[in-house]
Amino acid sequence: MTVQPVVAVVGGGQLARMLAEAASPLGVHLRVLAADGDEGAGEVVTDVVRGDPDDEVALAAVAEGADVVTFDHENVDHAALESLEAAGVVVRPSVATLRCSDKAHQRRTFAAAGLPVPDFVVLDGTEPVVAAARGFAAAHGGRVVVKASRGGYDGRGVWMLSGDELEAFVDEWTGAPLVLEPELDLVGEVAVLVARRPSGEVATWPVVETVQVGGMCDEVVLPSGLDASLEATALDVARRVAEVAGAVGVLAVELFLVATPNGPTVLVNEVAPRVHNSGHLTIDACATSQFEQHLRAVLDWPLGPTDPLVPAATMVNVVGGADDDPRQRQAQALARVPGARIHLYGKTSRPGRKIGHVTVVGADRDATREQARLAADLLAGS
Ligand SMILES: Nc1ncnc2c1ncn2[C@@H]1O[C@H](COP(=O)(O)OP(=O)(O)OP(=O)(O)O)[C@@H](O)[C@H]1O
Ligand SMILES: [Mg+2]
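Fair warning: this is a prediction, and the values are worked out from it, not measured in the lab.

(A) Inspection of the site of ligand 1 at higher detail. Surrounding ligand 1, one finds 21 residues, the nearest of these being Val145, Tyr153, Leu184, Gln212 and Gly215. Of all the secondary structure elements, the ones that give two or more residues to the shell around ligand 1 are strand S6 (143–148), strand S9 (186–196), strand S12 (216–222) and strand S14 (265–272). Along the lines of polarity and charge, the residues of the shell around ligand 1 split into eight nonpolar, six polar and seven charged. Shared between two domains, the shell around ligand 1 takes at least three residues from each, and those domains are domain 2 (119–182) and domain 3 (186–380).

So this is what it looks like as structure tokens:
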């Protein structure tokens, strides 16, 4: 008789791949539902169901015999998942938590819960959109950030606009509701990863600093550089976010740092109810990685310690350039940075596409930043 736990993952990208890498030593069998064009997990996972995440038949096939169904992305049809839940399949996080990946829903939910969020307005067609956008911009210095409530990632679906351009944009938009918020003068950005079990047991990793380039995460640094009291505030806000969202598994909370007369404070930017780019350095720098912790949490197993194992760590994403393969430059990168922990996802290199990451751990924050950057640049061929 086999007692091997089976975790089914909807999505077959790099997050599913890294979940599989964590599943192996735990003796957990990982199965993925991979759509055409999903790359990353296929090289590592032996049990792959091919199909779209919104196809009920494919979802039922990946869920068959699984202890739990979880996700590597949130673009899943909620009605199809609700049918699975109704049929008795354990889905973690739940459909209700997955709704929090909608930027309009999260802004409204977290504001209603008294969590600190930027000023915002949702344009969902319930009032004239051009007048609402004009009014919001006038009240906030003219320039606003416009966000598609669903379907955006890596800065796609985020636009900084003002004046006629803004009004024309909202007038012509036919997609999901838009969220408008002021363009904030950011002092910085940080992220907190939270893991939560169905029983409510919660673990957080130390706060990390995140650096975005062109709206996309470029670099993640531990420690965050925040003073102890702001770090405590960030952790507290993130825990409350996870509770309000009803998170099970890992949930990433991206926070803005903004100046106030009393010093910097945090606002919730967005949450992702899954393992996340801002937590990749936990693989090489922390007692339990976000990937192992996610599996433990969705299986309702005890959570692991999250302490850093090193004084400092930096992760830099490797982004595709020309249509060549970073694997051919690995030896060169390792020759220059022997301590680089290289994680390549086996994805086709395309400009702007995340195809891997590098983490460097060490005693000194700045030194890890330099070394990780050097290794990532060498791998990207830039
Ligand atoms: N209101 C704002 N004011 C200033 N900068 C902002 C604002 N909103 C977003 N940004 C910048 O744009 C980046 C991307 O925004 P956001 O996190 O909403 O988009 P995303 O595409 O969902 O992100 P991800 O890369 O996490 O998938 C933020 O990390 C931040 O650097
Ligand atoms: Mg973001």
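(B) Here's a closer look at the sheet that holds strand S7 (residues 158–162). With respect to topology, four strands assemble into an open sheet ordered S5-S8-S6-S7, the strand pairing being antiparallel. Each of the sheet's edge strands pairs with one partner strand only, and the pair in question is strand S5 (121–123) and S7. Mean inter-strand twist for the sheet, computed between neighbouring axes without regard to direction, equals 30°. With three bridges connecting them, S5 and strand S8 (residues 178–182) associate as antiparallel partners. Within S8, the position partnered with valine 122 by the bridge is valine 179. Its contacts with the sheet place helix H7 (residues 163–172) against S5, S6, S7 and S8, and it is angled at close to 130° to S7.

(C) Region of the structure containing the nonpolar core. Core analysis: the biggest nonpolar cluster contains 95 residues, and Val7, Leu19, Val253, Leu255, Val358 and Ala375 have the highest contact counts within it. Each of domain 1 (6–91) and domain 3 (186–380) contributes no fewer than three residues to this core. If we skip the residues at most four places from it in the chain, valine 7 touches Ala23, Val28, Leu30, Ala66, Asp67, Val68, Thr70, Leu295, Val298 and Leu299.

(D) Here's a closer look at the pairing of S9. Strand direction decides the pairing type here: S9 and strand S13 (residues 249–258), joined by 10 bridges, are antiparallel. By the bridge assignment for S13, arginine 196 is matched with glycine 249. Pairing of S9 with strand S11 (residues 208–213) involves two bridges; the strand directions are antiparallel. Residue pairing in the sheet places alanine 191 in a bridge with valine 208 of S11. Turn length for the S9-strand S10 (residues 202–204) hairpin, with the two strands adjacent in sequence and antiparallel, is five residues, and the turn residue glycine 200 shows positive phi of about 100°.

(E) Spotlight on unusual backbone geometry. The peptide bond linking arginine 92 to proline 93 adopts the cis configuration, its omega dihedral lying at 0°. Relative to the assigned elements, proline 93 resides in the loop between helix H3 (78–86) and helix H4 (95–98). Cis geometry is adopted by the peptide bond preceding proline 223, which originates at leucine 222 and carries an omega value of 0°. If you trace the backbone, proline 223 turns up in the loop between S12 and helix H8 (228–245). The phi torsion at aspartate 154 lies on the positive side, around 50°, for a residue other than glycine. Position of aspartate 154 relative to the elements: it lies in the loop between S6 and S7. Phi angles above zero are rare outside glycine, and aspartate 300 is one such case at about 60°. Locating aspartate 300 in the fold gives a position in the loop between helix H10 (290–298) and strand S15 (312–319).

(F) Region of interest: the domain arrangement of the protein chain. Each assigned domain of the protein chain is listed with its residue range as follows: domain 1 (6–91), domain 2 (119–182) and domain 3 (186–380). For domain 2 versus domain 3, the separation of C-alpha centres amounts to 29 Å.

Calculation rules
- All residue numbers here refer to positions counted from 1 along the written sequence of the relevant chain.
- Each chain is given a letter, starting from A, and each ligand a number, starting from 1, according to the order in which they appear as written.
- With the structure being a predicted model, the display of local features is reserved for residues of pLDDT at least 70 and the display and counting of side-chain atom pairs for 80 or more, all residues being used for whole-chain, interface and lining totals.
- Working rule for contacts: place C-beta from the backbone, and if it is within 6 Å of a molecule or strand, that residue counts as near it.
- Counting from the N terminus, the helices are the DSSP runs of H or I reaching at least four residues and the strands are the DSSP runs of E reaching at least two.
- All residues other than Ala, Val, Leu, Ile, Met, Phe, Trp, Tyr, Cys, Pro, Asp, Glu, Lys and Arg, Gly among them, are scored as polar; the first ten of these are nonpolar and the last four charged.
- Note: domain ranges come from an automatic or database domain assignment.
- Whether two strands pair depends on DSSP finding at least two bridges between them.
- Axis definition: a line fit to C-alpha positions, over the contact stretch in the case of helices; interaxial angles, taken between N-to-C directions, run 0 to 180 degrees.
- Placing a C-beta atom from the backbone of each residue, one calls two residues in contact when those atoms lie within 7 Å.
- To form a nonpolar core, buried Ala, Val, Leu, Ile, Met, Phe, Trp, Tyr and Cys residues must be joined through C-beta atoms within 7 Å.
- Buried means a residue has 20 or more other C-beta atoms within 10 Å of its own C-beta, exposed means 12 or fewer, and partly exposed covers the counts in between; C-beta atoms are placed from the backbone.

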